[in-house]
Amino acid sequence: MGFLDMLFGGGKKKVSKETVETRGDHMPDLNIPADEKFTIHFKQNGGKFIYCISDLEVSRAIQNIVTENSWENEPFYVLNNRLAEKFVKESISFTSDSKKSEVFFTTCEHLIAQNGSILVCSNQLHEKKVNELPSNVVVFATTSQLVESIGEGLKTIKKKYGQNIPTNITTLKHFKATEENSDDFLTYGSSTKNLYLLLLEDL
């Protein structure tokens with residue numbers, strides 16, 4: 001249970017804080033399970049990670065995020081009606097107008113262990129570019145969406161959608177200000193986001 005190991009210190013294999021903080025971006029990947037690798041890279045990117053084992057925990061996490069950021073009167077911007085319906089019982093409101101919200105609430109296609117990024121496409125963004133979205137992003141995902149690399153994620157998308165491959169495929173990767181510019185074509189034109197990941201265990 002890699003995620004549990006990372007979060008609660010269980011399991012036999014542990015990665016020291018020093019190892020996480022001193023590894024360079026171009027060093028070889030750690031020889032650890034994909035879930036732990038994602039957690040390390042995601043946090044290095046500046047993302048805020050919340051692991052949940054039930055819908056109840058997801059609900060509590062959302063409420064904590066709202067309280068932490070004083071978003072009680074801030075509607076969440078959504079482009080996915082099914083996502084809004086799933087969380088309709090939460091004490092949050094939704095809007096389809098990005099100009100009326102500072103928070104984008106979305107799902108994703110995959111979580112990329114290789115670099116801790118989040119793979120999204122037109123199913124989540126429609127035709128909007130990442131820099132057109134609110135600066136705050138809350139992503140709801142499940143552990144079954146974890147893949148090792150961007151290449152694997154793209155292959156899975158192709159297999160899943162067949163001839164109807166979605167457009168606007170990109171990654172959310174930069175969750176904190178940095179002077180370094182990514183050379184990853186999938187992050188071209190992106191901007192830094194304050195990002196929360198609500199990850200629900202479904203395996």
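See the structure printed just above.
This report concerns the structure included in the present document. Fair warning: this is a prediction, and the values are worked out from it, not measured in the lab.

What about the pairing of strand S4 (residues 103-106)?
Step number 1: Alternating positions in S4 separate into two faces, Val103 and Phe105 on one and Phe104 and Thr106 on the other, with burial throughout.
Step number 2: Sheet topology note: the strand S2 (residues 76-77)/S4 ladder contains two bridges and is parallel. Counterpart to phenylalanine 76 in the pairing with S4 is valine 103.
Step number 3: Direction of pairing for S4 relative to strand S7 (residues 136-142): parallel, over a ladder of four bridges.

Details of the packing of aromatic side chains
Step number 1: For the structure on display, the rule yields ten aromatic pairs.
Step number 2: Pairing phenylalanine 42 with phenylalanine 49 gives two aromatic rings, centres 6.3 Å apart and planes at 65°, and the pair type is edge-to-face. You'll find phenylalanine 42 and phenylalanine 49 in the same group, each marked buried.
Step number 3: On the numbers, 5.4 Å between centres and 45° between planes, the contact of tyrosine 77 with phenylalanine 104 is tilted. With a gap of 27 residues between them, tyrosine 77 in strand S2 and phenylalanine 104 in strand S4 connect regions that are remote in the sequence.
Step number 4: Feature note: the residues Trp71, Phe76, Phe87, Phe94, Phe105, Phe140 and Tyr196 constitute an aromatic cluster, connected by ring pairs.
Step number 5: The positively charged end of lysine 48 is found above the aromatic ring belonging to tyrosine 196, 5.2 Å away from the centroid.
Step number 6: In this structure, lysine 86 packs its charged tip against the face of phenylalanine 87, placed 5.8 Å from the ring centre.

Considerations on helix H3 (residues 34-44)
Every α-helix carries 3.6 residues per turn, so stepping three or four residues along brings you back to the same face.
Step number 1: Most of H3 sits inside the fold, with eight of its eleven residues counted as buried.
Step number 2: Those residues of H3 lying buried are Asp35, Glu36, Lys37, Phe38, Thr39, Ile40, His41 and Phe42.
Step number 3: The first or second residue beyond H3 is glycine 46, which carries a positive phi of 100°.

Topic: the sheet that holds strand S6 (residues 117-120)
Step number 1: As summarised here, the arrangement of the four strands in space is S8-S5-S6-S9, forming an open sheet in which the pairing is mixed. For this open sheet the edge positions go to strand S8 (146-147) and strand S9 (170-172), each flanked by a neighbour on one side alone.
Step number 2: Inspection of the sheet shows strand S5 (residues 110-112) paired to S6 by three bridges, in the antiparallel sense. Within S6, the residue paired with isoleucine 112 across the bridge is serine 117.
Step number 3: Against the sheet, helix H7 (residues 150-161) makes contact with S5, S6, S8 and S9, and its axis sits at roughly 165° relative to S5, the strand it touches most.

Quick word on the pattern of salt bridges
Step number 1: Counted according to the given criterion, the structure contains two salt bridges.
Step number 2: Here glutamate 148 ties to lysine 37 by a salt bridge, and the two come within 2.6 Å at their closest N and O atoms. Here lysine 37 lies in helix H3 and glutamate 148 lies in the loop between S8 and H7, a separation of 111 residues in the sequence.
Step number 3: Its relative accessible area of 29% is what places glutamate 148 among the partly exposed residues.
Step number 4: Look at lysine 37 and you get buried, because its relative accessible area is 7%.

Calculation rules
Residues numbered from 1 in each chain as written. Predicted model: local features only at pLDDT ≥ 70, side-chain atom pairs only at ≥ 80, totals over all residues. Heavy atoms only, no water. Buried < 20%, exposed > 50% of the residue type's maximum accessible area, 1.4 Å probe, protein only. Helix = DSSP H or I, 4+ residues; strand = E, 2+ residues; numbered from the N terminus. Pairing = 2+ DSSP bridges. Phe/Tyr/Trp six-rings, centres within 6.5 Å; stacked < 30°, edge-to-face > 60°. Lys NZ or Arg CZ within 6 Å of the ring centre and 35° of its normal. Contact = heavy atoms within 4.5 Å. Axes fitted to C-alpha atoms, helices over the stretch in contact; angles between N-to-C directions. Salt bridge = Lys/Arg side-chain N within 4 Å of Asp/Glu carboxyl O.

In short, geometric facts, not functional conclusions.
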